[in-house]
Amino acid sequence: IFYGIEVQILATQHKPGKHASLTVFMVLFTLYFVCELSLRLFANRKLFFIGADKWWNLVDAMVVLASVTEFIMDMLGSEKLFFRFTQIARTLRIFRIIRA
């Protein structure tokens with residue numbers, strides 16, 4: 001839902017750059033997913049890498065890494081064209097939620 005709202009706001013605003021509230025939500029989502037992934041990694045230990053859900057865990061780790069990378073690039077003010085894949089990778093998380 002957040003991604004749809006983000007696209008709508010960015011499409012309708014006539015100023016360059018992200019809206020401040022979008023940045024706050026992005027930071028909160030990123031922190032939540034980093035914490036969730038860390039807790040799952042701590043709880044599952046080796047099973048995180050070799051268990052039945054190892055491929056979904058890999059997707060989750062890539063999505064979190066992409067979100068952290070996007071956050072860092074935003075803070076540095078860098079051009080994110082190269083990191084466009086982060087937006088695509090985050091949508092993979094939706095498949096994980098649907099599967100669960």
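Scroll up to find the structure.
This is a predicted model, so every value here is computed, not measured.

**A closer look at the packing of aromatic side chains**
In step 1: All chains considered together, the criterion is met by three aromatic pairs.
In step 2: Ring centres of phenylalanine 29 and phenylalanine 33 lie 6.4 Å apart, and the angle between their planes is 15°; this geometry places the pair in the stacked category. Linking phenylalanine 29 with phenylalanine 33, this pair stays in helix 2 (residues 20-44), spanning four residues, or about one helical turn.
In step 3: For phenylalanine 29, a relative accessible area of 33% puts it in the partly exposed group.
In step 4: For phenylalanine 33, a relative accessible area of 16% translates into the label buried.
In step 5: Feature note: the residues Phe29, Tyr32 and Phe33 constitute an aromatic cluster, connected by ring pairs.
In step 6: It is arginine 45 that lies over the ring of phenylalanine 42; its NZ or CZ is 4.6 Å from the centre.

**A closer look at helix 4 (residues 54-76)**
In step 1: End to end, helix 4 covers 33 Å across 23 residues, agreeing with the expected 33 Å (1.5 Å per residue, within 8%).
In step 2: Turning to helix 4, its buried residues are Asn57, Val59, Asp60, Val63, Val64, Ala66, Ser67, Thr69, Glu70 and Met73.
In step 3: Glycine 77 lies just past helix 4 and shows a positive phi near 75°.

**Here's the deal with the pattern of salt bridges**
In step 1: Counted by the stated rule, this structure contains two salt bridges.
In step 2: As a salt-bridge pair, arginine 40 and aspartate 60 come within 3.0 Å of each other at their nearest N and O atoms. Taken together, the residues span a long stretch of sequence, with arginine 40 in helix 2 and aspartate 60 in helix 4 at a distance of 20 residues. As far as burial versus exposure is concerned, arginine 40 and aspartate 60 are alike and both buried.
In step 3: Taken together, the salt bridges that share partners define one network made up of Glu36, Arg40 and Asp60.

Calculation rules
- Residues numbered from 1 in each chain as written.
- Predicted model: local features only at pLDDT ≥ 70, side-chain atom pairs only at ≥ 80, totals over all residues.
- Heavy atoms only, no water.
- Phe/Tyr/Trp six-rings, centres within 6.5 Å; stacked < 30°, edge-to-face > 60°.
- Helix = DSSP H or I, 4+ residues; strand = E, 2+ residues; numbered from the N terminus.
- Buried < 20%, exposed > 50% of the residue type's maximum accessible area, 1.4 Å probe, protein only.
- Lys NZ or Arg CZ within 6 Å of the ring centre and 35° of its normal.
- Expected span 1.5 Å × (residues − 1).
- Salt bridge = Lys/Arg side-chain N within 4 Å of Asp/Glu carboxyl O.

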